[in-house]
Amino acid sequence: MDIFTTFDIAASGLKAQTTRLNTISSNLANAETTSTPEGGPYKKKSVVFQTDNRPFKQHLDNSLQTKEQIQGVKVAKITEDTSAPQRVYDPSNPDAKKDGYVEMPNISVIKEMADMMSATRSYEANTTTIKSAKRMAMQALNIGK
């Protein structure tokens with residue numbers, strides 16, 4: 001594996017975690033949204049990552065034999081929550097039904113914040129990988145001096 005493969009893999013992780021952070025931010029911003037243009041409350045979105053489904057040993061063998069590039073990670077899709085919305089009794093809300101209940105998004109702010117912290121840590125880990133690879137490359141260049 002060369003230095004540029006390291007950069008490519010870490011960059012794919014940065015891009016994927018950026019999408020994850022943006023999706024979490026959207027969920028948090030719409031945690032109280034009871035009416036959307038599609039109708040009904042906002043539906044929580046989740047990011048699904050994807051890479052090759054081959055075992056690590058097969059990746060390693062292929063990389064050593066054919067110089068195949070390791071892929072990294074990518075966003076496969078962004079899914080919407082399909083569960084029924086929460087029902088909260090609030091007859092004064094303009095979106096309340098005749099029985100006084102309002103349909104609210106199924107978003108737990110605590111879970112979203114924990115997910116955001118996890119995504120931030122993953123982003124930082126990829127940034128650290130790029131910095132370390134850059135530092136190693138610079139040290140390799142200084143060996144010849």
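Residues numbered from 1 in each chain as written. Predicted model: local features only at pLDDT ≥ 70, side-chain atom pairs only at ≥ 80, totals over all residues. Heavy atoms only, no water.

A. Local environment of the environment of S132. Following the sequence through the fold, S132 ends up in helix 3 (residues 109-143). Exposure remark for S132: the relative accessible area of 24% places this residue in the partly exposed category. Placed 126 residues apart in sequence, S132 and T6 show a C-alpha to C-alpha distance of 10.0 Å. (Helix = DSSP H or I, 4+ residues; strand = E, 2+ residues; numbered from the N terminus. Buried < 20%, exposed > 50% of the residue type's maximum accessible area, 1.4 Å probe, protein only.)

B. The arrangement of the packing of aromatic side chains in detail. Taken as a whole, this structure holds one aromatic pair when the rule is applied. Between Y89 and Y101 the ring centres are 5.3 Å apart and the planes differ by 70 degrees, which places this aromatic pair in the edge-to-face class. Of this pair, Y89 sits in strand 3 (residues 86-89) while Y101 is found in strand 4 (residues 101-104), placing the two residues twelve residues apart along the sequence. Residue classification places Y101 among the partly exposed positions, given a relative accessible area of 32%. Taking NZ or CZ as reference, R87 lies 4.6 Å from the ring centre of Y101, over its face. (Phe/Tyr/Trp six-rings, centres within 6.5 Å; stacked < 30°, edge-to-face > 60°. Lys NZ or Arg CZ within 6 Å of the ring centre and 35° of its normal.)

C. The arrangement of the side chain of T34 in detail. Topologically, T34 is positioned in the loop between helix 1 (3-29) and strand 1 (45-50). Polar contacts involving the side chain of T34 include one to the side chain of D95, which spans 2.4 Å. Once you skip the residues sitting within four places of it in the chain, T34 turns out to touch G40, P41, D95, V102, E103 and M104. (Polar contact = N/O pair within 3.5 Å; in protein donor to acceptor, adjacent residues only side chain to side chain. Contact = heavy atoms within 4.5 Å.)

D. Spatial organisation of the packing of helix 1 against helix 3. Relative to each other, helix 1 and helix 3 sit at 160 degrees, their axes nearing to 9 Å. Overall, the two elements helix 1 and helix 3 adopt an arrangement that is roughly antiparallel. Relative to helix 3, the crossing made by helix 1 is left-handed. Per-class residue counts for the contact of helix 1 with helix 3 are 16 nonpolar, twelve polar and four charged. (Axes fitted to C-alpha atoms, helices over the stretch in contact; angles between N-to-C directions. Parallel < 35°, antiparallel > 145°, perpendicular 65-115°, else oblique. Left-handed = near helix turned anticlockwise from the far one by under 90°. Nonpolar A, V, L, I, M, F, W, Y, C, P; charged D, E, K, R; others polar.)

Limitation: the analysis is restricted to geometry and does not speak to function.
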